Amino acid sequence: MMTDTNTHDPQRRLADRQLTLPDLGAPAYAYEAWTRHRDILYLSGQISRAADGQVLTGRAGADATVADASAAAETAALNLLARIDQAVGLGHVRQVLKLNVWVASDADFTDQPTAAEAASRLLIDVLGDAGRHARTALPSHVLPKNALVELDATVAVND
């Protein structure tokens, strides 16, 4: 069955939104950026590091707003998409099964789901229905590199 590449092609959806996947190198430590078992892809945590290498930092409710955390979540999700593309290609995503989002948060900040929503929306915007997922949004006192957001995912992929 032929599909309309303008509406179903993740690369085209990225281009339509004027987004470019960052060129992510290998992890700096002794782990893999992703592992695959049969048709399941497990993606390691992606922090809110912009394409220029700058980490979006802070703690929501202290020195970062919900809007800052949302932007950081979208940045981390773009990194996640880049890892998926490296691993199998975005066109091979059958379904994002689970997204875990950690937001560096002050003790009184409780709006992690709002920040996580930006990551969820980007996955759906780029991958369509294949981007719909279960999600957990949690606070964290601190994240690696003082990142504002970190996320990981489990993804079902086609052969």
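The notes below deal with the structure included here. Everything quoted here is computed from the prediction, not taken from an experiment. Position numbers for residues start from 1 in each chain and track the written sequence from start to end. Residues qualify for local features only when their pLDDT is at least 70, as the model is predicted, and side-chain atom pairs are given and counted only at 80 or more; totals for whole chains, interfaces and linings, by contrast, use all residues. Remark: hydrogens and water are excluded; side-chain values derive from all non-hydrogen atoms of the structure.

1. Section: the overall build of the protein
Step number 1: Strands are runs of DSSP state E lasting at least two residues, helices are runs of H or I lasting at least four, and both sets are numbered from the N terminus onward. Helix and strand counts for the protein come out as four helices and five strands.
Step number 2: Secondary structure of the protein in N-to-C order comes out as α-α-β-β-α-β-α-β-β.
Step number 3: A globule of 159 residues ought to have a C-alpha radius of gyration of about 15 Å, and the protein, at 15 Å, matches this closely.
Step number 4: Dimensions of the protein, computed from C-alpha atoms along their principal axes, come out at roughly 50 × 35 × 30 Å.
Step number 5: Put simply, 82% of the contacts in the protein that link residues at least 6 apart link residues at least 24 apart.
Step number 6: Only the protein chains shown count as cover for residues, and the accessible areas themselves come from Shrake-Rupley with a 1.4 Å probe. Looking at the protein as shown, the accessible area adds up to about 8,400 Å², and 49% of this sits on carbon and sulfur atoms. Based on C-alpha atoms, the radius of gyration is set beside the globule rule, defined as 2.2 Å times the residue count to the power 0.38. The criterion used for residue contact is that any of the two residues' heavy atoms lie within 4.5 Å.

2. A closer look at helix α4 (residues 112-127)
Note on helix geometry: an α-helix contains 3.6 residues per turn, so any two residues three or four positions apart are oriented the same way.
Step number 1: Helix span is expected to be 1.5 Å times the residue number reduced by one. Helix length check: α4 (16 residues) gives 23 Å between terminal C-alpha atoms against 22 Å at 1.5 Å per residue, within 8%.
Step number 2: Within α4 the residues assigned to the buried category are Q112, A115, A116, A118, A119, S120, L122, L123, I124, V126 and L127.
Step number 3: Residues of α4 that are buried make contact with α2 (10-16), α3 (66-87), β3 (93-104), β4 (134-140) and β5 (149-157).
Step number 4: Just downstream of α4, G128 is the residue with a positive phi angle, here 70 degrees. Buried residues are those whose accessible area, probed at 1.4 Å on protein chains only, stays under 20% of the maximum for their type, while exposed residues exceed 50% and partly exposed ones sit between those limits.

3. Comments concerning the nonpolar core
Generally speaking, a soluble globular protein has its nonpolar side chains buried in company with each other.
Step number 1: Throughout this description, the term nonpolar core refers to a set of buried Ala, Val, Leu, Ile, Met, Phe, Trp, Tyr and Cys residues connected via side-chain atoms within 4.5 Å. Among the nonpolar cores identified, the biggest contains 40 residues, and I84 and V155 are the most heavily contacted of them.
Step number 2: Among the elements of the structure, β2 (40-47), α3, β3, α4 and β5 are those that each provide at least two residues to this core.
Step number 3: Broken down by element, the residue count for this core peaks at ten residues, all from α3.
Step number 4: In this structure V155 touches D39, I40, L41, L43, I84, V93, Q95, V96 and L97, once residues within four positions along its chain are discounted.

4. With respect to the pattern of salt bridges
Step number 1: The rule for a salt bridge is simple: a side-chain nitrogen of Lys or Arg has to be within 4 Å of a carboxyl oxygen of Asp or Glu. For the structure shown, the criterion picks out seven salt bridges.
Step number 2: D39 is the partner of R94 in a salt bridge, and the nearest nitrogen-oxygen pair spans 2.3 Å. Here R94, found in strand β3, pairs with D39, found in the loop between β1 (34-37) and β2; they are 55 residues apart in sequence, far enough to count as distant.
Step number 3: Judged by its relative accessible area of 28%, D39 is partly exposed.
Step number 4: E117 is the partner of R121 in a salt bridge, and the nearest nitrogen-oxygen pair spans 2.9 Å. Taken together, the residues span about one helical turn, with R121 and E117 both in helix α4 at a distance of four residues.
Step number 5: Given the relative accessible area of 46%, R121 is considered partly exposed.
Step number 6: Classification of E117 as partly exposed rests on a relative accessible area of 29%.
Step number 7: The network of salt bridges with common partners includes E117, R121 and R135.

5. Quick notes on the sheet that holds β3
Step number 1: Reading across from one edge, β1-β2-β5-β3-β4 is the order of the five strands in this open sheet, with mixed pairing throughout. Two strands in the sheet have a free side with no partner beyond their single neighbour: β1 and β4. The average angle at which neighbouring strand axes cross in this sheet is 15 degrees, direction not considered.
Step number 2: Looking at chain direction, β3 and β5 are connected through nine bridges and run antiparallel. Bridging across to β5, V93 finds its partner in V157. When DSSP locates at least two bridges between a pair of strands, those strands are taken to pair. Here, axes are lines fitted to C-alpha atoms. For helices the fit covers the stretch in contact, and angles between N-to-C directions go from 0 to 180 degrees.

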